[in-house]
Amino acid sequence: MTQPFTAGERLGSGSGTPAAPPPRRRPPEPRRPRFGWLRGILAVLMALFVLASGLVAAAGWTAYQHFSRDLPDVQGLRDYQPRVMSRVYAGDSRLLAELATERRIFVPYAAIPEIVKHAFVSAEDQNFFTHRGVDPVAMLRAAVTDARQYGQGRRPIGASTITQQVAKNMLLGNEVSIARKAKEVILALRIENSLSKDRILELYLNEIYLGLSAYGVASAAQTYFNKSLPELTIAEAAFLAALPKAPNNYNPFRFPEAARARRDWVLDRMAEDGVISVAQRDSAKAAPIVPAPFRRPDQVSGGDYFAEEVRRQLLEKFGADQTTQGGLVVRTSLDPALQAAADRALHEGLIRYDQKRGGWRGPVARLQAGPALRTTWAAGLAALGKPPGLLPEWRLAVVLEETDGEARLGFLERPPGAVAFVPRVLPLLLAESGWARPVKDGAPGAAPRRMADVAQVGDVVMVEPAPAVAAQGKTPARPERLLLRQIPQVQGALVSLDPATGRVLALSGGWSFEMSQFDRVTQANRQPGSSFKPFVYLTALEDGISPSQRFLDAPFVVDQGAAGKWRPGNYELDFSGPVPLHVALEKSLNLVTVRVADRVGMEAVARTAAAFHIVDNLPRLLPAALGAVETTVLREAGAYAGIAAGGREVVPTLIDSVQDRDGHILWRAPGLACDGCQDPTQPPALVDNRKQVADPQSIYQLNLMMQGVVQRGTGVPAGVGLNRQIAGKTGTSQDFQDAWFSGFTPDLVTIVWIGYDTPTSLGNNETGGNVAAPVWHDFMAVALKTRPKLTFQPPPGVTIASYESGFGSVTDAFKPGQEPGASGPIGSPPPGEAAASGDAAPGTTAAAAPAAAPGVDSGMGGLY
């Protein structure tokens, strides 16, 4: 310790001289810590880190706020209703059609086999059951891979979890961008907080697109293997799980090797995850991929026009989304047996007309003729596509050799149960091909004299195999052979319905839906011609005119002013004088029809037409009484059904009921109601709620008159051999452009129309009775086989009596006050017209009138 100075020492020595101060010591410098510089750097770095973290957090929060703005609400996935196809069923409950923008079969999570679930989890998201919506490790791995592939033109790989894929597929879309990826991550986190893993996987497995228009695993199992989910093997489940990455690239029908390689990769992942054993993996890898195209069991063939009209009506009632994605169950009225009969009758009728009038228009294709043809023809035929409109029983065949009397043709046939086609050779006989008159200058020429006039070696033609025919009487035996065929240019339509309900049982809208989707039953507006006349006569009957009342069949002239004079005429261009109303309808006399319309007034005729919905706004002009208006085949069917139903309003319906996916009735066809059906203690009773649009007594009078059309009049070909009560009417429009037969029994109404899509004459004398009535007959011969014989029941108050009409004995119904067979005066004739038989000038009869006045318009609507 340093001692303090004394006083002397501070002042100096004794000599008085100050003493020198001792030297001061420098205080020791503090010791600097070791590595202090490092601590400074760390402090700076820490400050920078805190600052960067704050910036990143701020940026992240800003990005989150930006990308989460206007995102879809994931809560909707709780009650999400998947887009499920709607199904249309025929009247016998067989599947008729499926309506879908996405072919999907929704399967609840509990019904999905475990092997299918695990296969997809192993292939798409191994950590699905442990992560919270996002897999950071997978995302980092994908980022590294994408960085390595940058600039190589490859699509970036994803690393999306199953939850992220649900967010993308169901809430966002497939845009490739960082913004979409950020939104996908945010939504995935929200989905995991809102839904269970089971619900997320259920949505994924039912929504994922797996190629070939298949959405969801159930639809894919059908599409690729024609199996249900429980029927899938381990190998097949693994293949389905291989598809989400690139369904088109792993299509087993086109790329079997790539499909197998990807499937084996999935099997490896499944074994790695412990889902299957190594032995199961090896066994599954050894199995080939054997795709089997989906075959819908017990589906109605044909009926395409019917199904398309149902689709149009559903779109109108429920809109596109609910129709194709709402899982509707649609019950229709289609009778598959009657539909098949309708298609067959219409096809045969069009073929008959085409062979009679159309001529032979030549081969559909040609193969190179020469010695090589005998060995290469099968491959050449196989390479040709199936022409639209080729009927299922027809084949394409190539002429291999020909002589004067026959040709040998080769064609491909698939035996029952076989997969591959087998080449066959059969003869085509000239004796059965006489109709094939080569068309020259637009018209058929002379009948062929030798086979070369029809087909030459190398020609590819349509044929129909025909079985061998044994000799019968003078008809010689014929071997198994081919019949020459061609697709007619003429078109037709047939519709048949139940008049008690309006349910359409069969609908054929043309030769082939594949060739033309234009439905000539519902979409073609054509002139009905004389098939409209019953509604003129019904108007007269409701006006109190008796069926035996006579009208004058004689020239009729209407002065149209500047438009000139209209002179209608009968089909035969002759006149019959006074004719009972009944006979006039049987013979389809235009001049009597015009006089009847003139008598009752076109305003009244228009009201009748509107009430039966055949024409809603009939022109108030006399030519309209002859059918110089437009309607559709279906509208005419409904109108004739109204006559068959005793004057009730009949609205044709194709759909019986529509249910939603939960079974609730959305729509039911109106008409009949069932009282007591909901009360098990009460007997059910059908109640007809349809509007009565015509007097039942007048309807029955018309009914008997229309039966006369089939028994003695223009419609005789329709009823030959059927042995049923049939009422009907022929129709032929002006210049023979439309041929109709419309007729009915007590329980079935059928309408047939034949004509060209672009109105063109069918040819002279090609009337409804000659062209359409045979088609009606052929269809009804099949339809009536299984139906009981019914008779038309007269309403109370009418008297049924036969009388001599002057054209033979006829039977009619008469209202109270009407005398059977009597005819009273019909009033004054039109101005300028000579009178006869009550309207006759002295010494003149209508029968003595000239055969036809110059300028007669024998049609202007109905011809026959």
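Check the entry above for the structure.
Remember, it's a predicted structure, so these values are computed and weren't measured experimentally. (Residues numbered from 1 in each chain as written. Predicted model: local features only at pLDDT ≥ 70, side-chain atom pairs only at ≥ 80, totals over all residues. Heavy atoms only, no water.)

A. Highlighting the overall build of the chain. What the chain contains, in helices and strands, is 22 helices and 28 strands. For the chain, buried positions account for 48% of its 864 residues. Across the chain, every contact between residues at least 6 apart in sequence was considered, and the portion connecting residues at least 24 apart equals 70%. Roughly 41,600 Å² of accessible area belongs to the chain as shown, and the carbon and sulfur atoms make up 54% of that amount. (Helix = DSSP H or I, 4+ residues; strand = E, 2+ residues; numbered from the N terminus. Buried < 20%, exposed > 50% of the residue type's maximum accessible area, 1.4 Å probe, protein only. Contact = heavy atoms within 4.5 Å. Areas by Shrake-Rupley, 256 points an atom, 1.4 Å probe, with all protein chains shown as cover.)

B. Inspection of the packing of helix 15 (residues 533-542) against helix 18 (residues 602-611) at higher detail. Put simply, helix 15 and helix 18 touch, their axes get as near as 9 Å, and they point 115 degrees apart. The orientation of helix 15 with respect to helix 18, classified from their angle, is roughly perpendicular. Of the two elements, helix 15 crosses helix 18, and the hand of that crossing is right-handed. Packed against helix 15, whose contacting residues are Phe 535, Val 536, Leu 538 and Thr 539, the element helix 18 presents Ala 604, Val 605 and Thr 608 at the interface. Looking at side-chain class alone, the contact of helix 15 with helix 18 contains five nonpolar, two polar and no charged residues. (Axes fitted to C-alpha atoms, helices over the stretch in contact; angles between N-to-C directions. Parallel < 35°, antiparallel > 145°, perpendicular 65-115°, else oblique. Left-handed = near helix turned anticlockwise from the far one by under 90°. Nonpolar A, V, L, I, M, F, W, Y, C, P; charged D, E, K, R; others polar.)

C. Spotlight on helix 19 (residues 633-644). The first and last C-alpha atoms of helix 19 sit 16 Å apart over twelve residues, in line with the 16 Å expected at 1.5 Å per residue. With eleven of twelve residues buried, helix 19 is to be regarded as a mostly interior element. Among the residues of helix 19, Val 633, Leu 634, Glu 636, Ala 637, Gly 638, Ala 639, Tyr 640, Ala 641, Gly 642, Ile 643 and Ala 644 are the ones counted as buried. Gly 646, located one to two residues past helix 19, shows a positive phi value of around 80 degrees. (Expected span 1.5 Å × (residues − 1).)

D. Expanded view of the packing of aromatic side chains. Here the structure, examined in full by the defined rule, presents 18 aromatic pairs. Seen from their ring centres, Phe 128 and Phe 129 are 5.0 Å apart, and the 75 degrees between their planes marks the pair as edge-to-face. The exposure class assigned to Phe 128 is buried, which follows from its relative accessible area of 0%. Ring geometry for Phe 225 versus Phe 239: centroids 5.7 Å apart, planes at 80 degrees, classification edge-to-face. Of this pair, Phe 225 sits in helix 8 (residues 217-225) while Phe 239 sits in helix 9 (residues 234-242), and the two are 14 residues apart along the sequence. Under the relative-accessibility criterion, Phe 239 is labelled buried at 1%. Sitting over the face of the ring of Tyr 109, Lys 117 holds its NZ or CZ atom 3.5 Å from the ring centroid. Over the ring of Trp 667 we find Lys 317; its NZ or CZ atom is 4.7 Å from the centre of that ring. (Phe/Tyr/Trp six-rings, centres within 6.5 Å; stacked < 30°, edge-to-face > 60°. Lys NZ or Arg CZ within 6 Å of the ring centre and 35° of its normal.)

E. Fine view of the nonpolar core. Val 495, Phe 532, Tyr 537, Phe 612, Leu 618 and Phe 744 are the most contacted members of the largest nonpolar core, which totals 89 residues. Among the elements that take part in this core, helix 19 stands out by supplying eight residues, more than any other. Residue contacts for Leu 618: discarding those within four places in its chain leaves Phe 532, Met 602, Val 605, Ala 606, Ala 624 and Val 629. Leu 77, Leu 171, Ile 208 and Leu 229 belong to the second-largest nonpolar core, a separate cluster that totals 55 residues. (Core = buried A, V, L, I, M, F, W, Y, C linked by side-chain atoms within 4.5 Å.)

F. A look at unusual backbone geometry. The phi angle at Asn 226 is positive, at roughly 55 degrees, despite the residue not being glycine. Within the secondary structure layout, Asn 226 lies in the loop between helix 8 and helix 9. Here Asn 226 falls in the partly exposed class, since its relative accessible area comes to 34%. Its identity as a non-glycine residue notwithstanding, Asn 765 has a phi of 70 degrees, on the positive side.

G. Main features of the side chain of Thr 161. Mapped onto the fold, Thr 161 is located in the loop between helix 4 (136-148) and helix 5 (162-172). Within the structure, Thr 161 has its side chain in polar contact with the backbone oxygen of Gly 133 (distance 2.7 Å). Other than its neighbours up to four places away in sequence, Thr 161 contacts Asp 125, His 131, Gly 133, Val 134 and Asp 135. (Polar contact = N/O pair within 3.5 Å; in protein donor to acceptor, adjacent residues only side chain to side chain.)

H. How the structure looks around empty space enclosed by the protein. Considering all chains together, one arrives at two cavities of 30 Å³ or more under this definition. Estimated volume of the largest cavity: approximately 40 Å³. For the largest cavity, the full set of lining residues is Ile 351, Asp 354, Gln 355, Trp 435, Arg 485, Gln 486 and Pro 488. Ranked by the residues each element gives to the lining of the largest cavity, the list is headed by helix 13 (residues 336-358), at three residues. Class assignment of the residues belonging to the lining of the largest cavity gives a composition of three nonpolar, two polar and two charged. Size it by volume and the second largest cavity reaches roughly 30 Å³. What lines the second largest cavity is Arg 724, Gln 725, Thr 745, Pro 746, Asp 747, Leu 784, Pro 788 and Leu 790. Residues that form the lining of the second largest cavity fall into these classes: four nonpolar, two polar and two charged. (1 Å grid on protein atoms, 1.4 Å probe; cavity = no way out; pocket = protein on both sides within 12 Å on 5 of 7 lines; lining within 4 Å. Points joined across faces, edges and corners; volume = space filled by probe spheres on them.)

I. Here's a closer look at the pattern of salt bridges. Taken as a whole and judged by the stated rule, the model has 42 salt bridges. Note that Arg 263 and Asp 264 form a salt bridge whose closest N and O atoms lie 2.9 Å from each other. Asp 264 matches Arg 263 in its accessibility class, with the two residues each being buried. Residue Arg 361 pairs with Asp 354 through a salt bridge whose shortest N-O separation is 3.1 Å. Where salt bridges share partners, they join Glu 308, Glu 309, Arg 311, Arg 312 and Asp 519 into one cluster. (Salt bridge = Lys/Arg side-chain N within 4 Å of Asp/Glu carboxyl O.)

J. Fine view of the sheet that holds strand 21 (residues 665-668). Judged by pairing direction, the sheet is mixed, and its five strands sit side by side in the order 2-1-5-20-21 without closing on themselves. Two strands lie at the open edges of the sheet, namely strand 2 (95-99) and strand 21, each paired on one side alone. Taking the axes of each pair of neighbouring strands and ignoring which way they run, one obtains an average angle of 15 degrees across the sheet. Of the pairings in the sheet, the one linking strand 1 (residues 86-89) to strand 5 (residues 329-332) comprises three bridges and is parallel in character. Of the residues in strand 5, the one forming a bridge with Val 88 is Val 330. The sheet contacts of helix 12 (residues 304-325) involve strand 1, strand 2, strand 5, strand 20 (655-659) and strand 21, and relative to strand 2 the element is tilted by about 35 degrees. (Pairing = 2+ DSSP bridges.)

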